[in-house]
Amino acid sequence: MGKIFDLSFMISTIPPIVGKLPVTLWIVFLSGAIALVLGFLVAMVRYFHVRILTQICKVYVSFMRGTPAMVQLLVAYYGIPIFLRAINASLGTGFSVNGIPAVVFAVFALSLNSGAFMSETIRGAMLAINAGQLEACYSVNLSTWQALRRIILPQAFTNALPALGNSFISLLKETSLVFYISVIDMMAQAKITGSRSYRFFEVYIVVALIYWAVCFLMERVLALLERHVRRYERGIVK
Amino acid sequence: MISIRGLEKSFGDNRVLRGVNLEIAKGEILTIIGPSGAGKTTLLRTLNWLDVPDAGTITIDGATIDATRATKRSIKQLRSKSAMVFQHYNLFNNKTALENVTESLILVRKLPRAEAEARGRQLLERVGLSDKCDTYPSFLSGGQQQRVGIARALAVEPKVILFDEPTSALDPEWVNEVLAVMTEIARDGMTMIVVSHEMRFVRNVSTRVVLLDDGHILEDGTPEQVFQHPRHERAVQFLRQADLQ
């Protein structure tokens, strides 16, 4: 039995694990961007009660919120190849299943997951805006689209920002599941590095600290962004 | 200039407007009074289609809209004739005082930014707020916000300005500054329809008073006629109760 806690080993595992930080960040960035667009579209459909689409969006949101992210990742990982094979068989196309990197499945599943949560955040933020704002737009003859773009959505974004920040932070942490579908991210690298020496505790401490550090940076950026978007609000004396 | 015929509006089982007919000439300062729930605000809001009537026609300055056959275009045309000043100001929270005024100039009238801002500054000066151009609404007092609201309404160069209880959410000391601005606009010949129980305005500025009760027009005449010689017992009751005589 060696040391109880091997500090020098722990430090030595930092470079390989940090080396996979870009993979994690790319997944967060891509999934986050797609989720934001998706969430916005779903929120608009539901805000305006678009027929048929509203029902589809409700089912989508319910399913994504009602099933674990890990299950969604696995369903995407095993499901998309089967889906492609079915298409190939019925249409005679030649999509290569093996050519798709696993990270694509990860981004696919995580964007759909996060987009569902974000859509509710954005929809709620839009509903929270006083009807008087829209009425004022109409009273000076702005179109609905102009009203949304200039008045409603900027205010909704301000309202939504704290909760959207939460979604981004959750997304960062959910990327740690992608090693289940053979993507080598920070978590996967930590497992690999740990298994070489059977010192898992040290590597998990390292990986935890890196997640926390990234999260801390995200919080700082969000705080700056929030200060900017809330410039028109009068602060409350605390 | 404004013609309202057979206007009907229900919210569920509640018949708020029961066939209102009203003709308003250019330059009239019409005040609508009446008990709570009489349909005053609803009547005002149908004039720019913020409330959609169930039946009837509205004509403002040649733009006619039929409740049963309203199209996007006819709604837009109707709205281009009027502007509204709201009880709770409803300034665009994310825009400065100046931007509140210039928004329609830039987006609807398509003026170049510089020209719109010059016009916006002029209008804010007219309501006595030239030093607040770059201030956001949340940093303005109620009276100042309402004056920005009036400047925003003037910016669209409407044929008529609709005032929905413009002073009833204001502290007493701010009422005067808003009334002063409204009086000045009235003197300049603007047609105004005002839902208000502000007697100083009604007596000194209004040229005509309409008393609405239960979705009907009960009294219609000069302030003198309506307040001193109401023709209906119900009107006498209301005026006495509301302490308006």
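Everything here concerns the structure above.
The shown structure was predicted, so the numbers you read here are calculated from the model rather than taken from an experiment.

Counting its secondary structure elements, chain B contains 9 helices and 10 strands. A globule of 245 residues ought to have a C-alpha radius of gyration of about 18 Å, and chain B, at 18 Å, matches this closely. Residues counted as buried form 58% of the 245 residues belonging to chain B. For chain B, the proportion of contacts with a sequence separation of at least 24, taken over those separated by at least 6, is 64%. Carbon together with sulfur atoms contributes 44% to the accessible area of chain B, which is approximately 10,500 Å² in total. Taking the 31 positively charged and 31 negatively charged side chains of chain B as two groups, their mean positions are separated by 6 Å.

Secondary structure assignment for chain A yields 10 helices and 0 strands. Seen in sequence order, chain A has helices and strands lined up from the N terminus as α-α-α-α-α-α-α-α-α-α. Projected onto the principal axes, the alpha-carbon positions of chain A cover approximately 75 × 65 × 25 Å. Here chain A, with 238 residues, has 43% of them falling under the buried criterion. Sequence separation of 24 or more characterises 79% of the internal contacts of chain A that already satisfy a separation of 6 or more. Charge centroids of chain A, computed over 20 positive and 9 negative side chains, lie 5 Å from each other.

Residue and element names in this part refer to chain B. The 4 strands lie next to each other as E2-E1-E4-E5, forming an open sheet whose pairing is antiparallel. The sheet is open, and its two edges are formed by strand E2 (14-24) and strand E5 (63-66), each paired on a single side. Neighbour-to-neighbour, the strand axes of the sheet open up by a mean angle of 15°, direction not taken into account. Pairing analysis gives 5 bridges linking strand E1 (residues 2-11) to strand E4 (residues 55-60), with the strands arranged antiparallel. Considered in E4, the bridge of glutamate 8 is made with alanine 55. Along the sheet face, helix H2 (residues 72-79) touches E4 and E5 and points at about 130° away from the line of E5.

As a further point, take the layout of surface pockets. Put simply, the largest pocket is a space of about 490 Å³. What lines the largest pocket is a set of 24 residues, among which A:Asn130, A:Gln133, B:His88, B:Asn90 and B:Asn93 lie closest to the centre. Partitioning the lining of the largest pocket into residue classes produces 8 nonpolar, 11 polar and 5 charged.

This part is about the packing of aromatic side chains. Residue and element names in this part refer to chain A. With the rule as written, the count across this model stands at 8 aromatic pairs over all chains. Considering the side-chain rings of tyrosine 77 and tyrosine 78, the 5.1 Å spacing of their centres and the 75° angle between planes classify their relative orientation as edge-to-face. Residue tyrosine 77 is classed as partly exposed on the basis of its relative accessible area of 23%. Members of the aromatic cluster, each reached through a chain of ring pairs, are Tyr77, Tyr78 and Phe105.

Below, the discussion takes up empty space enclosed by the protein. All names here are of chain B. Per the stated rule, a full pass over the model turns up 1 cavity of 30 Å³ or more. Volume-wise, the largest cavity comes out at about 30 Å³. When residues in the lining of the largest cavity are grouped by element, the largest group, 3 residues, is from helix H6 (residues 172-187). Of the residues in the lining of the largest cavity, the class split is 4 nonpolar, no polar and 2 charged.

Moving on to unusual backbone geometry. All names here are of chain B. Within the chain, tyrosine 89 stands out as a residue other than glycine whose phi angle is a positive 65°. A positive phi is found at aspartate 214, a non-glycine position, where the angle reads about 55°. Relative to the elements of secondary structure, aspartate 214 occurs in the loop between strand E9 (208-213) and strand E10 (216-221). Of the residues examined, aspartate 214 reaches a relative accessible area of 41% and is grouped as partly exposed.

Cut-offs and rules
Residues numbered from 1 in each chain as written. Chains lettered and ligands numbered in written order. Predicted model: local features only at pLDDT ≥ 70, side-chain atom pairs only at ≥ 80, totals over all residues. Heavy atoms only, no water. Helix = DSSP H or I, 4+ residues; strand = E, 2+ residues; numbered from the N terminus. Rg over C-alpha atoms; globule rule 2.2 N^0.38 Å. Buried < 20%, exposed > 50% of the residue type's maximum accessible area, 1.4 Å probe, protein only. Contact = heavy atoms within 4.5 Å. Areas by Shrake-Rupley, 256 points an atom, 1.4 Å probe, with all protein chains shown as cover. Lys, Arg positive; Asp, Glu negative; His and termini not counted. Charge placed at Lys NZ, Arg CZ, Asp CG, Glu CD. Pairing = 2+ DSSP bridges. Axes fitted to C-alpha atoms, helices over the stretch in contact; angles between N-to-C directions. 1 Å grid on protein atoms, 1.4 Å probe; cavity = no way out; pocket = protein on both sides within 12 Å on 5 of 7 lines; lining within 4 Å. Points joined across faces, edges and corners; volume = space filled by probe spheres on them. Nonpolar A, V, L, I, M, F, W, Y, C, P; charged D, E, K, R; others polar. Phe/Tyr/Trp six-rings, centres within 6.5 Å; stacked < 30°, edge-to-face > 60°.

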